Amino acid sequence: MKILAIGAHLDDIEIAAGGTLAKAIENGHKIKVLIMSKSGYTNKEGKVQRSDDLAVKEGLNALHTLGIEDIEILDFPTKDIPFASDVVNAIDVRMAKFDPDIIFTHHPFDTHQAHEGVAKATIAAARRKNTLFFYEPIQPSGRSYVAFKPILYVDIEDTIDKKIKSLKCHKSEYNKFGAENWIEGVRCRCGFRGYEIGKKYAEAFEVLRLEMSFDKKCNIL
Ligand SMILES: [Zn+2]
């Protein structure tokens, strides 16, 4: 299968779906990651907290740790990625070229405005695509003000270590978000989702659309 994972920022995908994507690669599926911004940012006083160069360097290390090589990073502003035609077009062009069987994107009710914009733009761009999943919002990426419904679960017991290792590549984020507290928050969420399905660790996703297919190309069911 061809899987397209879209994120507003470098680190969103590792937090939400790192174990799932690492597992997909180990099973021979093809992954493309599309990041909408170089992900540097300033604080409220305008002082650089994380430069674009550092975010890209750490983010590429993190994605490589998961085994992902096909990575494209666009140049929309980190904090302002709206649901607008230029964002939809940017996703649309890549989607048409890669022709994914499965698309992952942000939850449309994520509290981060850039995540919300990317979610809605992906939904618009994917109007002709039939299998689309939302990430579970989690701090520090964002939270949801409309309940996230865990519908699709992926057992990540075999890839949780890769996921944690990839998160630790984001050294500047790691320090900002309280070091081990951040990592432990993500790990515990995976433990909770795993417990729900009788596994040690899992990642959960919400389903927007899912095409059921019986051929070998799309064997999700
Ligand atoms: Zn983000």
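None of these values were measured; they are calculated from a predicted model.

**Details of the coordination of the zinc ion**
In this structure, His9 (ND1), Asp12 (OD), Asp12 (OD) and His115 (NE2) serve as the protein donors to the zinc ion, at separations of 2.0 to 2.4 Å. In this structure, the zinc ion is surrounded by four donor atoms whose angles at the metal cover 57 to 140°, and the resulting shape is irregular.

**What about the sheet that holds strand β2 (residues 30-37)?**
The strand order β5-β2-β1-β6-β7-β9-β8 describes an open sheet built from seven strands, whose pairing is mixed. Both edges of this open sheet fall to β5 (71-76) and β8 (152-155), since each of them pairs with a single strand only. Going across the sheet, the axis of each strand differs from the next one's by a mean of 25°, ignoring polarity. When strand β1 (residues 2-7) meets β2, the two strands line up parallel, connected through six bridges. Considered in β2, the bridge of Ile6 is made with Leu34. Strands β1, β2, β6 (102-105), β7 (132-134) and β9 (202-209) of the sheet are contacted by helix α4 (residues 113-125), whose axis makes an angle of about 160° with β6.

**Regarding the pattern of salt bridges**
On inspection of all chains with the given rule, the structure shows 17 salt bridges. In this structure, Asp70 engages Lys32 in a salt bridge whose closest nitrogen and oxygen atoms are separated by 3.6 Å. Placement of Asp70 in the loop between α2 (52-65) and β5 and of Lys32 in strand β2 is noted, with a sequence separation of 38 residues between them. The partly exposed category is assigned to Asp70, whose relative accessible area is 30%.

**Focus on helix α7 (residues 180-196)**
Relative to the 24 Å expected for 17 residues at 1.5 Å per residue, α7 spans 24 Å between its end C-alpha atoms, a close match to the ideal helical length. Packing partners of the buried residues in α7 comprise α1 (12-26), β8, α5 (160-168), α6 (171-176) and β9. A positive backbone phi angle near 75° is found at Gly198, which sits one or two residues after α7.

**Quick notes on α5**
Of the residues making up α5, those classed as buried are Ile160, Lys163, Ile164, Ser166 and Leu167. Viewed end-on, α5 has its buried residues packed into an arc of 160°, placing them on one side of the element. In α5, the exposed residues that point more than 90 degrees away from the buried face are Asp161 and Lys165. Lining the buried residues of α5 we find α1, α2, α7 and β9.

Thresholds, definitions, all that
Residues numbered from 1 in each chain as written. Predicted model: local features only at pLDDT ≥ 70, side-chain atom pairs only at ≥ 80, totals over all residues. Heavy atoms only, no water. Donors = N, O, S within 2.8 Å, 3.2 Å for Na, K, Ca; no water. Tetrahedral: all angles 85-135°; square planar, octahedral: opposite > 155°, others 65-115°. Pairing = 2+ DSSP bridges. Helix = DSSP H or I, 4+ residues; strand = E, 2+ residues; numbered from the N terminus. Axes fitted to C-alpha atoms, helices over the stretch in contact; angles between N-to-C directions. Contact = heavy atoms within 4.5 Å. Salt bridge = Lys/Arg side-chain N within 4 Å of Asp/Glu carboxyl O. Buried < 20%, exposed > 50% of the residue type's maximum accessible area, 1.4 Å probe, protein only. Expected span 1.5 Å × (residues − 1). Arc of directions from axis to C-beta.

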